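Below, each chain spelled out in residue letters.
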Amino acid sequence: MIDAPKEPVRTVDVAQAFDLGFEWAIALLGHVHDSRDVARTLTLESFDGLGINPHAVDGFTTRGKGIVQAKAEIKRALLAAVEKLENEPAQAD
């Protein structure tokens, strides 16, 4: 059973989301042999507070299918974090 999507605690802008995507891609270059390994990459410290759910990746599938599921989960969480940033009231300096 897949846990319900989590709400982001922190926000990111588009540039930060872009950087997180590259960091995740680099993590995939390590010892990632199957979807369980892919799910573990979603626990990167950089993803803390973004509401990314590693259980969104089926642990009993191939590496390729796990990557597709993980990309969808990362995209969902980052879009929610960016939307949260856009909906926050502007702060005066």
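Being a predicted model, the structure only gives us computed values, none of them experimental.

Following the sequence through the fold, D34 ends up in the loop between α1 (14–27) and α2 (35–41). At 2.6 Å, the side chain of D34 and the side chain of R36 are in polar contact. Dropping the residues within four chain positions of it, D34 is found in contact with T61 and R63.

What follows is about helix α3 (residues 63–87). Here α3 is 25 residues long and its end C-alpha atoms lie 36 Å apart, about the 36 Å a rise of 1.5 Å per residue gives. Among all positions in α3, only G66, I67, A70, E73, I74, A77, L78, A81 and V82 are buried. Looking at the buried side of α3, the elements it contacts are α1 and α2.

Let us look at the pattern of salt bridges. Oppositely charged side chains may form a pair once their charged atoms are brought near each other. Tallying each qualifying case throughout the model produces three salt bridges. Between D37 and R40 there is a salt bridge, with its nearest N and O atoms 3.0 Å apart. Linking D37 with R40, this pair stays in helix α2, spanning three residues, or about one helical turn. Residue classification places D37 among the buried positions, given a relative accessible area of 14%. E73 is paired through a salt bridge with R76; the nearest N and O atoms lie 2.8 Å apart. Of this pair, E73 and R76 both sit in helix α3, three residues apart, which is roughly one turn of the helix.

Attention now goes to α1. The terminal C-alpha atoms of α1, which comprises 14 residues, lie 20 Å apart, in line with the 20 Å expected from a rise of 1.5 Å per residue. Buried within α1 are the following residues: A17, L20 and W24. Along the axis of α1, the buried residues cluster in a sector spanning 60°; they form a single face. Facing away from the buried side of α1 by more than 90 degrees, the exposed set consists of F18, D19 and I26. Close packing links the buried residues of α1 with α2 and α3. Near the N-terminus of α1, the side chain that reaches the backbone nitrogen of A15, with its oxygen 3.2 Å away, is that of D13.

About the cut-offs
- Residues numbered from 1 in each chain as written.
- Predicted model: local features only at pLDDT ≥ 70, side-chain atom pairs only at ≥ 80, totals over all residues.
- Heavy atoms only, no water.
- Helix = DSSP H or I, 4+ residues; strand = E, 2+ residues; numbered from the N terminus.
- Polar contact = N/O pair within 3.5 Å; in protein donor to acceptor, adjacent residues only side chain to side chain.
- Contact = heavy atoms within 4.5 Å.
- Expected span 1.5 Å × (residues − 1).
- Buried < 20%, exposed > 50% of the residue type's maximum accessible area, 1.4 Å probe, protein only.
- Salt bridge = Lys/Arg side-chain N within 4 Å of Asp/Glu carboxyl O.
- Arc of directions from axis to C-beta.

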